[in-house]
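Take a look at the letters that make up each chain.
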Amino acid sequence: MTLLKILRDMDLAVTVHGFRSAFRDWVAEQTDYSGEIAEAALAHTVSNKVEAAYRRTDFLDKRRLLMRDWAAFCAKPSV
């Protein structure tokens, strides 16, 4: 909701979903981070009940590195 408010206040014709989608595509195409880390960063839950029962990590350290790399990517000037 915070990002949505920022986008509305800036009067931009973009969506939160677009940001999330762009992030997911960037992770898959431009990094070596696993899909599990990307999905955790997006706060997606594991739909497979057995897998979810055994996954006891939040990948916090790996997500921190991922977010650092995403911030660096976003801060690059466009060509």
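Before reading further, recall that the structure is shown in the block above.
## Quick look at the overall build of the protein chain
Regarding its fold elements, the protein chain presents five helices and zero strands. For the protein chain, the sequential pattern of α-helices and β-strands runs α-α-α-α-α. In terms of C-alpha radius of gyration, the protein chain reaches 15 Å, well past the compact-globule figure of 12 Å for 79 residues. Its C-alpha atoms give the protein chain principal-axis dimensions of roughly 45 × 25 × 20 Å. Expressed as a percentage of the 79 residues in the protein chain, the buried residues total 15%. Surface exposure of the protein chain reaches about 6,500 Å², of which carbon and sulfur atoms provide 57%. In the protein chain, 12 positive and 11 negative side-chain charges are present, and the distance between their average locations comes to 5 Å.

## Considering the packing of helix 2 (residues 16-30) against helix 5 (residues 60-75)
Packing of helix 2 against helix 5 brings their axes to within 12 Å, and their N-to-C directions diverge by 105°. In terms of orientation, helix 2 lies roughly perpendicular with respect to helix 5. Facing Ala22, Phe23, Trp26 and Val27 of helix 2, the residues of helix 5 in contact are Leu66, Met67, Asp69, Trp70 and Phe73.

## A look at helix 2
In this model helix 2 runs 21 Å from its N-terminal to its C-terminal C-alpha over 15 residues, within 8% of the 21 Å that 1.5 Å per residue would give. All buried positions along helix 2 are accounted for by Phe23, Trp26 and Val27. Considered in projection along helix 2, the buried side chains sweep an arc of 100° and stay on one side of the axis. For helix 2, the exposed residues lying more than 90 degrees away from the buried face are His17, Ala28 and Glu29. Those residues of helix 2 that are buried lie in contact with helix 3 (35-41) and helix 5.

## Section: unusual backbone geometry
Positive phi values are uncommon outside glycine, yet aspartate 11 reaches one of about 55°. Inspection of the secondary structure assignment puts aspartate 11 in the loop between helix 1 (2-9) and helix 2.

## Some points on the packing of aromatic side chains
Taken as a whole, this structure holds five aromatic pairs when the rule is applied. A ring pair is formed by tryptophan 26 and tryptophan 70, whose centres lie 5.1 Å apart and whose planes are at 55°; its orientation type is tilted. One end of the pair, tryptophan 26, is in helix 2; the other, tryptophan 70, is in helix 5, and 44 residues separate them in sequence. One exposure class covers both tryptophan 26 and tryptophan 70, and it is buried. Considering the side-chain rings of tryptophan 70 and phenylalanine 73, the 5.7 Å spacing of their centres and the 25° angle between planes classify their relative orientation as stacked. Remark: phenylalanine 73 and tryptophan 70 occur in helix 5; sequence separation between them is three residues, near one turn of the helix. Take tryptophan 70: its relative accessible area is 17%, and that puts it in the buried class. One aromatic cluster in this structure is built from Phe23, Trp26, Trp70 and Phe73.

Procedures and definitions
What you see as residue numbers is a count from 1 along each chain, following the sequence as written. Restriction of local features to residues with pLDDT of at least 70 applies here, the model being predicted, together with a cutoff of 80 or more for giving and counting side-chain atom pairs; totals for whole chains, interfaces and linings are based on all residues. Excluded from the side-chain calculation are hydrogens and water; included are all heavy atoms of the structure. The helix and strand labels rest on DSSP assignments: H or I over at least four residues marks a helix, E over at least two residues marks a strand, and numbering proceeds from the N terminus. For this measure, only C-alpha atoms enter the radius of gyration; the expected value for a globule follows 2.2 Å times N^0.38, where N is the number of residues. A 1.4 Å probe rolled over the protein chains alone gives each residue an accessible area, and that area as a share of the maximum for its type sets the label: buried under 20%, exposed over 50%, partly exposed in between. Exposure was quantified through the Shrake-Rupley algorithm and a 1.4 Å probe, taking into account, for residues, occlusion by the shown protein chains and nothing else. Only four residue types enter the tally: Lys and Arg on the positive side, Asp and Glu on the negative side; His and the chain ends are excluded. To locate a charge, take atom NZ for lysine, CZ for arginine, CG for aspartate or CD for glutamate. The axes used here are C-alpha line fits, helices contributing only the stretch in contact, and every angle between their N-to-C directions lies in the interval 0 to 180 degrees. Geometric relationships in this document are graded by angle, where less than 35 degrees denotes roughly parallel, more than 145 denotes roughly antiparallel, 65 to 115 denotes roughly perpendicular, and other angles denote oblique. Here, residues are in contact when the closest pair of their heavy atoms is within 4.5 Å. A helix is expected to span 1.5 Å multiplied by its residue count minus one. Throughout, the arc means that of the directions going from the helix axis to the C-beta atoms. Stacked, tilted and edge-to-face are the three classes applied to pairs of Phe, Tyr and Trp rings, where Trp contributes its six-membered ring and a pair requires centres within 6.5 Å; stacked means planes under 30 degrees apart, edge-to-face means over 60, and tilted covers the rest.

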